[in-house]
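So the chains spell out like this:
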Amino acid sequence: PFSSDFAGFTYQKTMGNSSYNSFETSLRHSSPRLEFLLGYTYGKSLDQSSSLSEAVNPLNAGLSRALSGFDLRHNFVASYNWKMPLERLFHRNNQLTSGWAVSGITRVSSGLPVTLYNNNDTSLLGTIPNGINSDGVDTPNYMPGDLAVNTNPRNGKSAFNTSLFGMPAMGTIGTAARRFFYGPGMANFDVALLKRVRLSETRAV
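Since the structure is predicted, the reported quantities are computational estimates derived from the model, not experimental observations. Counting of residues starts from 1 at the beginning of each chain's written sequence and follows it residue by residue. For this predicted model, a pLDDT threshold of at least 70 governs which residues receive local features, and a threshold of 80 or more governs which side-chain atom pairs are given and counted, while totals over whole chains, interfaces and linings are taken from all residues. The side-chain quantities take in all heavy atoms of the structure and omit both hydrogens and water.

J.: Quick one: what's the story with the overall build of the protein chain, residue by residue and with numbers?
T.: A run of H or I in DSSP counts as a helix once it spans at least four residues, and a run of E counts as a strand once it spans at least two, with each numbered from the N terminus. Looking only at helices and strands, one finds one helix and eight strands in the protein chain. The N-to-C order of helical and strand elements in the protein chain reads β-β-β-β-α-β-β-β-β. Two things to know: the radius of gyration comes from C-alpha atoms, and the globule rule equals 2.2 Å times the number of residues to the power 0.38. The globule rule puts the C-alpha radius of gyration for 205 residues at 17 Å, and the 27 Å found for the protein chain is more than 25% above it. Reported as C-alpha extents along the three principal axes, the dimensions of the protein chain are approximately 90 × 40 × 30 Å. Evaluated residue by residue, the protein chain yields a buried proportion of 27% over its 205 residues. Once local pairs closer than 6 in sequence are excluded, the contacts in the protein chain between residues at least 24 apart make up 66%. To be clear on the numbers: accessible area is Shrake-Rupley with a 1.4 Å probe, and residue cover counts the displayed protein chains and nothing else. Approximately 13,900 Å² of the protein chain is accessible, and the part contributed by carbon and sulfur atoms is 58%. In the protein chain, the 18 positive side-chain charges and the 13 negative ones have mean positions that sit 17 Å from each other. The buried label goes to any residue with under 20% of its type's maximum accessible area, the exposed label to any with over 50%, and the partly exposed label to all in between, with areas taken from a 1.4 Å probe on protein chains only. In what follows, residue pairs with any heavy atoms lying within 4.5 Å of each other are defined as contacts. Asp and Glu are treated as the negative residues and Lys and Arg as the positive ones, with His and the ends of the chain left uncounted. The location of each charge is read from NZ of Lys, CZ of Arg, CG of Asp or CD of Glu.

See the structure below:
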């Protein structure tokens, strides 16, 4: 607006880092009738930016440090295969009672962090979305209280208590961290009932 003598430019610099720590354990069992593998991970990932789309505070990168967008605190996975002993139950060993099995994979995990943004550039840092960084560094103000995180997305209630958040004053960046609480978790069960049919001494389906 001031004439062709004035223009804008973009300066980008790599200034973020990340850290990940975890505890991992697994248990495996194998027997003629039952096989299973259990795995559990307790972890935490922190960073200043989880992708190219997330800008970092240009004056103090530490203010952008928060939970990673992909941080998964608890993750439990189980796979199993159980050959059902119907021959023993019915005291018969034939095509109807043999070859039955239950197999499946179960995964239970905590939710991913909720990302908070205020794309109004109230900090006046000029880090508003620019096509490469789709989110700025500004966050809303946060008043500590009961977040009332809704873990059931089917009940029609809000995902969390939005009344605890508000717009910061002009020239301030907001008191809320980029990410500091989690959304609903996941429980997924894939189960199959299998039947093995012998066609001949060397062939089966």
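J.: Please give an account of the pattern of salt bridges that cites residues and values.
T.: Each salt bridge in this description consists of a side-chain nitrogen of Lys or Arg and a carboxyl oxygen of Asp or Glu lying within 4 Å of one another. Under the criterion given, the structure shown has five salt bridges. Put simply, Asp-47, Glu-54, Arg-178 and Arg-179 are held in one network by salt bridges that share partners.

J.: So, the packing of aromatic side chains: which residues are in play, and what are the values?
T.: Aromatic pairing here means that ring centres of Phe, Tyr or Trp (its six-membered ring) are within 6.5 Å. Orientation follows from the plane angle: under 30 degrees is stacked, over 60 is edge-to-face, and everything else is tilted. Counting across every chain of the model gives six aromatic pairs. Each ring, one from Phe-165 and one from Phe-180, has its centre 6.5 Å from the other, and the planes form 45°; the classification is tilted. You can see Phe-165 sitting in strand S7 (residues 165-166) and its partner Phe-180 sitting in the loop between S7 and strand S8 (186-195), a full 15 residues away along the chain. Judged by relative accessible area, which is 17%, Phe-165 ranks as buried. Taken together, the aromatic side chains of Tyr-142, Phe-160, Phe-165, Phe-180 and Phe-181 make up a single cluster linked through ring pairs.

J.: Talk me through the layout of surface pockets; I want residue IDs and the actual numbers.
T.: What the largest pocket holds in volume is close to 710 Å³. Among the residues forming the lining of the largest pocket, the class breakdown is nine nonpolar, 10 polar and two charged. In the cavity and pocket records, a cavity denotes points on a 1 Å grid over the protein atoms alone where a 1.4 Å probe fits but cannot get out, a pocket denotes an open set with protein on both sides within 12 Å along at least 5 of 7 lines, and lining residues are residues with an atom within 4 Å of a point. Grid points are joined across faces, edges and corners, and a volume is the space filled by probe spheres set on the points. As a working rule, the residues Ala, Val, Leu, Ile, Met, Phe, Trp, Tyr, Cys and Pro are called nonpolar, Asp, Glu, Lys and Arg charged, and the rest polar, with Gly in that last group.

J.: Describe unusual backbone geometry, with residues and values.
T.: Located in the positive-phi region is Asp-121, a residue other than glycine, with phi close to 50°. As for its placement among the helices and strands, Asp-121 is situated in the loop between strand S5 (100-109) and strand S6 (141-142). On the basis of relative accessibility, which here comes to 14%, the residue Asp-121 falls in the buried class. Although it is not a glycine, Leu-124 sits at a positive phi angle of roughly 65°. Among the structural elements, Leu-124 can be located in the loop between S5 and S6. A relative accessible area of 57% means that Leu-124 is categorised as exposed.

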